[in-house]
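Next come the chains, spelled out residue by residue.
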Amino acid sequence: MHIPSITLNNGISMPQLGLGLYAPKQQDEIKQSVLDALDLGIRLIDSAAIYANEIQVGEAIKESGLSRKELFVTSKVWMDDMGYDSTLKAFDKTLKDLGLEYLDLYLIHWPKDGQRKETWKAMETLYEQKLCRSIGVSNYYQKHLEELFVKANVCPAVNQFELSPFCYMPEELAFNKANTIQVEGYAPLVRGWKKDDPVLNEIANHYGKSTFQLLVRWNIELGAVTIPKSVNRARIQENMDVFDFSISEEDMERMASMYDNTRVAWDPRDF
Ligand SMILES: NC(=O)c1ccc[n+]([C@@H]2O[C@H](COP(=O)([O-])OP(=O)(O)OC[C@H]3O[C@@H](n4cnc5c(N)ncnc54)[C@H](OP(=O)(O)O)[C@@H]3O)[C@@H](O)[C@H]2O)c1
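Being a predicted model, the structure only gives us computed values, none of them experimental. (Residues numbered from 1 in each chain as written. Predicted model: local features only at pLDDT ≥ 70, side-chain atom pairs only at ≥ 80, totals over all residues. Heavy atoms only, no water.)

Draft legend 1. The arrangement of unusual backbone geometry in detail. For T180, which is not a glycine, the phi torsion comes out positive at approximately 65°. By the element assignment, T180 lies in the loop between α6 (170–178) and β9 (182–186). Assessed through its relative accessible area of 48%, T180 is described here as partly exposed. Backbone geometry at V190 places phi at a positive 50°, although glycine is not the residue there. Within the fold, V190 resides in the loop between β9 and α7 (198–207). Accessibility expressed as a relative area gives 0% for V190, which makes it buried. (Helix = DSSP H or I, 4+ residues; strand = E, 2+ residues; numbered from the N terminus. Buried < 20%, exposed > 50% of the residue type's maximum accessible area, 1.4 Å probe, protein only.)

What follows is the structure in structure tokens.
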């Protein structure tokens, strides 16, 4: 199955669909899920230190036998490790745990108050040292980005935040686009909470797809990178099978009107 790529503002190519890895109760299934995803053709892996499974992810990458250049590996610095020196230290641990020599993308996980500027400086250092092919942020809304722009030497390549019809903030998408920052949507499936929604089901049936596939495709239609998570091979395959249909403008609008601020994670506006 061919997954399209997009080009980031620094010329680096990033697959538009990857595998999410936040699975606190399924840690023993993570290694196999990464192996399955890589075998099925996924190349973007969305890791993070706080997911506490980077060793398993690293083992899977090694066992896959794929060349490093074929992969796009992301990780994130957690809130407790923010600050200049501690970000560099956290990055070093992540790299060792993953068994890699560089990352394709390193993100600030949450815009925690107080240490955002020093943390971005550390990200720039890692980028200059070519330890990360690109750097970015996560859960940054416009006010956090505007603050970052004042002191930054490097513009974030990616901003990862929650994106589904139920958590759709078009003004944030537009702001990132205007500033050349690629949006990466997380929790595209709303963790399955909306799978029985009658309107979603009606639209999905119309395209002969599941509600999960419809939600993944919705992110793709918006031009976002998307990272649905599953530890199950058949469901990983189902979530990837979204490149043989497109959602009409009318249905995109119908889905956008489902916004009810349902979030699986915190609201960045509270940071
Ligand atoms: N930057 C951040 O702050 C942040 C926050 C949250 C998430 N993320 C990232 O985004 C990724 C995705 O978000 P998420 O994991 O929160 O939620 P999600 O991808 O919206 O949903 C994952 C849930 O849906 C189930 N599922 C997946 N495919 C399915 C299918 N086809 N049919 C039925 N159930 C299905 C999974 O169960 P099974 O695994 O059992 O299939 C899991 O319970 C995370 O894993 C993480 O990498 C980032």
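Anyway, onward from the coordinates.
Draft legend 2. Region of the structure containing the pairing of β9. Of all 5 residues making up β9, 5 are buried, and the element is well covered by its neighbours. Judged by which residues are buried, β9 turns out to be covered on both faces: Q182, E184 and Y186 on one side and V183 and G185 on the other are all buried. Alignment of strand β8 (residues 158–162) against β9, held across 5 bridges, turns out to be parallel. Its bridge partner being in β9, V158 is matched across the sheet by Q182. Read from β8 through α6 to β9, the crossover connection turns out right-handed. Looking at chain direction, β9 and strand β10 (residues 225–226) are connected through 2 bridges and run parallel. (Pairing = 2+ DSSP bridges. Right-handed = clockwise from strand over helix to strand, strands pointing away.)

Draft legend 3. The layout of surface pockets, seen in detail. In this model, the largest pocket occupies a volume close to 820 Å³. Together, 33 residues line the largest pocket, and Y22, A187, R191, K229 and V264 are the ones closest to its centre. Its residues assigned to classes, the lining of the largest pocket comprises 19 nonpolar, 9 polar and 5 charged. Empty space within the second largest pocket amounts to approximately 280 Å³. In this structure, the second largest pocket is lined by 14 residues; those nearest its centre are L173, K177, V183, L222 and G223. Sorting the residues of the lining of the second largest pocket by element identifies α6 and β9 as the ones contributing at least two each. When residues of the lining of the second largest pocket are assigned to their parent elements, the largest contribution, 3 residues, is made by α6. The residue makeup of the lining of the second largest pocket, split by class, is 8 nonpolar, 5 polar and 1 charged. (1 Å grid on protein atoms, 1.4 Å probe; cavity = no way out; pocket = protein on both sides within 12 Å on 5 of 7 lines; lining within 4 Å. Points joined across faces, edges and corners; volume = space filled by probe spheres on them. Nonpolar A, V, L, I, M, F, W, Y, C, P; charged D, E, K, R; others polar.)

Draft legend 4. Spotlight on empty space enclosed by the protein. A complete count under the given rule lists 1 cavity of 30 Å³ or more for this structure. Of the volumes computed, that of the largest cavity is approximately 40 Å³. The set of elements that each furnish at least two residues to the lining of the largest cavity consists of β3 (18–20) and α9 (233–240). The element best represented in the lining of the largest cavity is α9, accounting for 3 residues. Tallied by class, residues from the lining of the largest cavity come to 6 nonpolar, 3 polar and no charged.

Draft legend 5. Geometry of helix α4 (residues 116–128). With 13 residues, α4 extends 18 Å from end C-alpha to end C-alpha; this agrees with the ideal 18 Å at 1.5 Å per step. Where α4 is concerned, the buried positions are R116, T119, W120, A122, M123, E124, T125 and L126. Looking at the packing, one finds that the buried side of α4 touches β5 (72–77), α3 (84–98), β6 (105–108), β7 (135–138) and α5 (142–151). Just past α4, the residue K130 takes up positive phi, approximately 60°. (Expected span 1.5 Å × (residues − 1). Contact = heavy atoms within 4.5 Å.)

Draft legend 6. Highlighting the state of the cysteines. Taken as a whole, this structure holds 0 disulfides when the rule is applied. Residue C132 stays outside any disulfide, its sulfur separated by 16 Å from that of C155, the closest cysteine. (Disulfide = S-S within 2.5 Å.)

Draft legend 7. Fine view of the UniProt feature "domain: NADP-dependent oxidoreductase" (unreviewed entry) in the protein. The sites that UniProt annotates as "domain: NADP-dependent oxidoreductase" (unreviewed entry) are residues 18–259. This span, residues 18–259, is 45% helix and 13% strand, and a straight line between its end C-alpha atoms measures 24 Å. (UniProt positions renumbered as here; feature names shortened; annotations may be inferred.)

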